[in-house]
Amino acid sequence: MFTPQGPTLRELAVQAFSSTMRGYDLLAPKFDLTPYRTPDRVLEALTDTVRPLGPFERGLDVCCGTGAGVGVLRGLCQERVTGVDFSVGMLDVARAAHTGDPGGPTVDWVRADALALPFEGAFDLALSLGAFGHFLPKERPELFDQVYEALRPGGLFVFPVGAPPAVGSRAYWSLLGFDLAMRARNALWRPPFVMYYRTFPLADVVDDLVGTGFTVRLLPMREFGRRPDGSPRVRLVVAARG
Ligand SMILES: C[S@@+](CC[C@H](N)C(=O)[O-])C[C@H]1O[C@@H](n2cnc3c(N)ncnc32)[C@H](O)[C@@H]1O
């Protein structure tokens, strides 16, 4: 939730009427005080679920923001961890927050669009957190292809996906309302701010990963429990490059 130290309503409004990149440049100094940063609980559960899939040497955090996923990768990778994002403001905050430690992997930061990643066969683990809503469904195959190329053969691309809220629930209506408001904003205003909550359904995502060449499995993230129908509340998508 937002705190008094976090962005004001006015600051959020200015950001929302900027481009996606500029919006994050403006939000960067207060980003870690917003609910948009991936919470520590998710980061810890992610670390616990991914660790048995290792060991890993080199890790990539795609759309790293202020470095939440870089922190996870620093605990999982031996040699090098790279955060990539297109917002200079977010990368500046990330750089200041992660000074590295002598015994740990080297940490570096790269400014790039995730749809044009400057890596080839460089990593054995990639992850992405909280950023898929910034890509339209038609951009997903290109995004996945970029990550595929960045991985070495056998490398893993992992990310958590929560079960969708029950139709008619409060969460259902609030996500639907947000997406409709964003569509109206983007129909009326330039530049667009691309951020949608309901454009990343698991079945379509798996289809796009498989279409890219990944082999996909889904692991329950046990820390989040199960829904009344027995299905996991949160799954980890584990996509292996062939
Ligand atoms: C909600 S933040 C998530 C940050 C971080 N991964 C976390 O979980 O806290 C989304 C991030 O994606 C970045 N982003 C959005 N579209 C991008 C793109 N096309 N290429 C690179 N970064 C992008 C934004 O700059 C922002 O830092």
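Attention here is on the structure that accompanies the text. Everything numeric in this text was worked out from a predicted model, so none of it was measured. (Residues numbered from 1 in each chain as written. Predicted model: local features only at pLDDT ≥ 70, side-chain atom pairs only at ≥ 80, totals over all residues. Heavy atoms only, no water.)

**What about helix 8 (residues 202–212)?**
Looking at helix 8, one finds that the buried residues are Val205, Val206, Asp208, Leu209 and Thr212. Burial along helix 8 is one-sided: seen end-on, the buried residues are contained in an arc of 160 degrees. Of the exposed residues in helix 8, the ones pointing more than 90 degrees away from its buried face are Ala203, Asp207 and Gly211. Where helix 8 is buried, its residues meet helix 6 (140–150), strand 5 (151–162), strand 6 (214–220) and strand 7 (234–241). Once helix 8 finishes, Gly213 follows within two positions and takes phi at roughly 120 degrees, a positive value. (Buried < 20%, exposed > 50% of the residue type's maximum accessible area, 1.4 Å probe, protein only. Helix = DSSP H or I, 4+ residues; strand = E, 2+ residues; numbered from the N terminus. Arc of directions from axis to C-beta. Contact = heavy atoms within 4.5 Å.)

**Focus on the site of the ligand**
Lining the immediate surroundings of the ligand are 20 residues, of which Thr38, Cys63, Asp85, Ala114 and Leu129 lie closest. For the ligand, a nitrogen atom lies 2.9 Å from a polar atom in the backbone of Cys63. Here an oxygen atom of the ligand and a side-chain polar atom of Asp85 are 2.6 Å apart. Contact with the protein chains covers 98% of the free accessible surface of the ligand, which is 590 Å². Looking at the shell around the ligand residue by residue, the class counts come to 12 nonpolar, 5 polar and 3 charged. (Near = heavy atom within 4 Å. Polar contact = N/O pair within 3.5 Å; in protein donor to acceptor, adjacent residues only side chain to side chain. Areas by Shrake-Rupley, 256 points an atom, 1.4 Å probe, with all protein chains shown as cover. Nonpolar A, V, L, I, M, F, W, Y, C, P; charged D, E, K, R; others polar.)

**A word on a nonpolar patch on the surface**
Nonpolar side chains collect at one region of the surface, where Phe17, Leu188 and Trp189 lie side by side and expose about 370 Å² of accessible area between them. One can find Leu188 in helix 7 (residues 170–188). (Patch = residues over 30% accessible without salt bridge, like charges linked within 9 Å, V, L, I, M, F, W, Y side chains within 5 Å. Salt bridge = Lys/Arg side-chain N within 4 Å of Asp/Glu carboxyl O.)

**As for the environment of Arg41**
Secondary-structure assignment places Arg41 in helix 3 (residues 40–50). We classify Arg41 as exposed; its relative accessible area is 53%. Apart from the residues within four sequence positions on either side, Arg41 is in contact with Glu223 and Phe224.

**Looking at the pairing of strand 4 (residues 123–128)**
Two faces belong to every sheet, and in a regular strand the side chains alternate between them. The buried count for strand 4 comes to 6 of 6 residues, which makes it a mostly enclosed element. Examined bridge by bridge, strand 1 (residues 56–62) and strand 4 share 4 bridges and lie parallel to one another. Across the sheet, Asp61 pairs through a bridge with Leu127, a residue of strand 4. When strand 4 meets strand 5, the two strands line up parallel, connected through 4 bridges. Paired with Leu125 across the strands is Leu156, a residue of strand 5. Traced from strand 4 through helix 6 to strand 5, the parallel crossover comes out right-handed. (Pairing = 2+ DSSP bridges. Right-handed = clockwise from strand over helix to strand, strands pointing away.)

**A look at the sheet that holds strand 7**
Backbone-to-backbone hydrogen bonds join strands into a sheet, with any given pair of strands oriented parallel or antiparallel. Taken together, 7 strands build an open sheet; the order of strands is 3-2-1-4-5-7-6 and the sheet is mixed. Only two strands of the sheet have a single neighbouring strand rather than two, namely strand 3 (106–111) and strand 6. Each strand of the sheet is rotated relative to its neighbour by a mean of 20 degrees, with strand direction disregarded. In this sheet, strand 3 lies alongside strand 2 (residues 77–85) in parallel orientation, the contact comprising 6 bridges. (Axes fitted to C-alpha atoms, helices over the stretch in contact; angles between N-to-C directions.)

**A word on the packing of helix 6 against helix 8**
Contact pair helix 6 / helix 8: the axes reach a minimum separation of 9 Å and the direction vectors enclose 50 degrees. With respect to each other, helix 6 and helix 8 are oriented oblique. Handedness of the crossing formed by helix 6 with helix 8: right-handed. Contact residues: helix 6 offers Arg140, Pro141, Phe144, Asp145 and Tyr148, while helix 8 offers Asp204, Val205, Asp208, Leu209 and Thr212. Looking at the contact of helix 6 with helix 8 residue by residue, the classes come out as 5 nonpolar, 1 polar and 4 charged. (Parallel < 35°, antiparallel > 145°, perpendicular 65-115°, else oblique. Left-handed = near helix turned anticlockwise from the far one by under 90°.)

Taken by themselves, the reported measurements are silent on function.
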